Amino acid sequence: MSATVDRDLRERAARLSVAFDGDAWILGRPDLGIFVAVPEPGAVFVTTLQEGGSAAEAARRAGEVAGEEVDGADFLEGLTGAGLLDPPAPAEERAPSGWEGLSQKTAARFFGKTAWSCYVAAAVFVVAVLVFTPELRPSWKDAWFLPSATLSVLTYRLAGIAFSALHEAWHWVAGRALGIPATFRVSHRGLYIVFETDLTQIVNVPRGRRYGAYLAGMAIDAVVVAVALGLRLLDRAGVLALPEMLDGFLGAVVLYRLIGIVWQWAAVPMRSDGYAVLANALRCYNLYRITWLTAKAKLFRLTPAEAGELASAGERDRRVARWFALLYVAGVVVMAGMFVLVALPLLLALAQWGMVQLSAGAIGSVGFWEALAVAAYVVTQLALPPLLALRERRLRRARRLL
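What you are looking at is a predicted structure, and each value in this text was computed from that prediction instead of being measured.

Here we come to the nonpolar core. Counting 23 residues, the largest nonpolar core has Phe-111, Tyr-119, Trp-170, Val-173, Ile-202 and Ala-213 as its most contacted members. Counting only elements with at least two residues in this core, the list comes to α6 (113-132), α7 (149-178), α8 (211-236) and α10 (273-281). Here this core takes six residues from α7, the largest share from any one element. The next biggest cluster of nonpolar side chains, apart from the first, holds 21 residues, and it includes Val-129, Leu-146, Tyr-156 and Ala-228.

Given below as structure tokens:
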């Protein structure tokens, strides 16, 4: 291999990050968001290039670690296929590094031992109140906390946006506490505003230190629920005198945030925070994808490409995926239960209220427009998810045909 080719390889290898993950080594391109697990010889190959060695020397040193000859050309082909050796993305296409105004030292204060003691105390308090104070347990009726159904929906929709932003922002703060350049984004899914935190580069952090970032959103949710329940408890004890509407709003906060926490553990098939915790604890790298392929192989037939992908997956991922699919099923059951016990009764009650308003109110009256708004909300809640799923399925099919 010529000196020019070796120099080019060294330049490309210099862009790679190399980190030990306990069971394997992680090669990454933080600028592209690409990370791949490799055995130790692969890490030695890359670090040799980064230290100024040639491809031949890198293959020799990797072979010494592996105990057998290493095909350097084949390894480089694999790195190229994974996109690890691609040139840097144009500046306008790179993901923003995020706001850097919060220093790592300041962020770490929110995730030290004292902070986690507070988060745990909040969670224990919530459980205790729900167990020993039945009248404060949430019900779907708590979502309707104002005389007007429209105002109830719109008020909590606005508050829900703020709480969702807080949840994702806390993931971002946890990322800053670890010293990784996490990215906080505002986006949308269909008609809904969503907040996203990119913690891709957390793979460069030892697994034992990742849990705080994964649990951060649920931790701050527990604090929010604890504050809401605490205020309602003080009101019941006569210590505070909350206005009726504020008490109702706090009831809605408890209902929706508890649903959010349960959803994080039930929505394992959707790569929720709970999935991240479990995959990290099980020391897997691509458990989501391998579980789907394993389940599909048992129920249907894999395409040649999917069969090859499953065969090339790590042994640990394939072994865990054989039983992890049961958690997918359990999660789907829990989410279906939440829909039946909370979402469906609320939507039916809203629809019934809307029909009464439409039949009683004159066209153009306030009640008439409120009823139309509620009808649009109910239809959107029921119809939008399957329509979006159908659209994504068609897009995936179109991409396969290209």
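Further remarks concern the environment of Thr-197. Tracing the sequence through the fold places Thr-197 in strand β5 (residues 192-198). For the pair Thr-197 and Phe-184, spaced 13 residues apart in sequence, the C-alpha to C-alpha distance is 4.5 Å. Those residues within four positions of Thr-197 in sequence are excluded, and the remaining contacts are Glu-168, Ala-169, His-171, Trp-172, Ala-182, Thr-183 and Phe-184. Only 2.7 Å separates the side chain of Thr-197 from the backbone oxygen of Glu-168, close enough to count as a polar contact.

What follows is about the pairing of strand β1 (residues 17-20). Residues Ser-17 and Ala-19 of β1 are buried on one face, while the alternating residues Val-18 and Phe-20, pointing to the opposite face, are not. As judged from the four bridges shared by β1 and strand β2 (residues 25-29), these two strands associate in the antiparallel manner. From the neighbouring strand, Ala-19 faces β2, where its bridge partner is Ile-26.

This brings us to α10. With seven of nine residues buried, α10 lies mostly within the body of the structure. Among the residues of α10, Asp-273, Gly-274, Tyr-275, Ala-276, Val-277, Ala-279 and Asn-280 are the ones counted as buried. Directly after α10, the chain includes Arg-283, whose backbone phi takes a positive value near 60°.

In this section: the confidence of the model for the protein chain. Overall, the prediction assigns the protein chain a mean pLDDT of 83, with 82% of residues at 70 or greater. Element-level mean pLDDT values for the protein chain span from 63 in helix α14 (residues 366-401) up to 97 in α6. Scored below 50 in pLDDT, residues 92-98 makes eight contacts in the model with residues more than four places away or belonging to other chains.

The residue Gly-52 is located in the loop between α2 (40-50) and α3 (55-66) in this model. Along the sequence, Gly-52 and Arg-7 sit 45 residues apart, while their C-alpha atoms lie 8.4 Å from each other.

On to the packing of α7 against α8. It is at 8 Å that the axes of α7 and α8 come closest, and there the two elements cross at 140°. What the angle tells us is that α7 and α8 run oblique. Between α7 and α8 lies a crossing whose hand is right-handed. In contact with Phe-163, Leu-166, His-167, Trp-170, His-171, Ala-174 and Leu-178 of α7, α8 contributes Gly-212, Ala-213, Tyr-214, Ala-216, Gly-217, Met-218, Ile-220, Asp-221 and Val-224. Of the residues contributing to the contact of α7 with α8, the split by class is 11 nonpolar, four polar and one charged.

Scoring rules and cut-offs
- Residue positions are given per chain, counting from 1 as you read along its sequence in written order.
- Local features in this predicted model are restricted to residues of pLDDT 70 or higher, and side-chain atom pairs are both shown and tallied only at a pLDDT of 80 or more, whereas totals for entire chains, interfaces and linings draw on every residue.
- To obtain the side-chain values, all non-hydrogen atoms of the structure were used and water was disregarded.
- Nonpolar cores are built from buried Ala, Val, Leu, Ile, Met, Phe, Trp, Tyr and Cys residues. Side-chain atoms within 4.5 Å join them into one set.
- Each residue is placed in one exposure class: buried if its accessible area under a 1.4 Å probe, protein chains only, is under 20% of its type's maximum, exposed if it is over 50%, and partly exposed if it falls in between.
- In DSSP terms, a helix is any run of H or I states spanning at least four residues, a strand is any run of E spanning at least two, and both are numbered starting from the N terminus.
- Note on contacts: a residue pair is in contact if any heavy atoms of the two residues lie within 4.5 Å.
- Any pair of nitrogen or oxygen atoms within 3.5 Å is treated as a polar contact; in protein, a donor-acceptor pairing is required on top of that, and neighbouring residues in sequence qualify only through side-chain atoms on both sides.
- Strands were regarded as paired on the criterion that DSSP finds at least two bridges between them.
- Every residue is assigned a pLDDT by the predictor, reflecting its confidence on a scale from 0 to 100.
- Fitted lines through C-alpha atoms serve as axes, helices being fitted only where they are in contact, and the angles separating the N-to-C directions of these axes extend from 0 to 180 degrees.
- Throughout, the term roughly parallel applies to angles under 35 degrees, roughly antiparallel to angles over 145, roughly perpendicular to angles from 65 to 115, and oblique to all others.
- Crossing handedness is read from the near helix: turned anticlockwise from the far helix by less than a right angle, it gives a left-handed crossing, and turned clockwise, a right-handed one.
- Under the scheme applied here, ten amino acids are nonpolar (Ala, Val, Leu, Ile, Met, Phe, Trp, Tyr, Cys and Pro), four are charged (Asp, Glu, Lys and Arg), and all others, including Gly, are polar.

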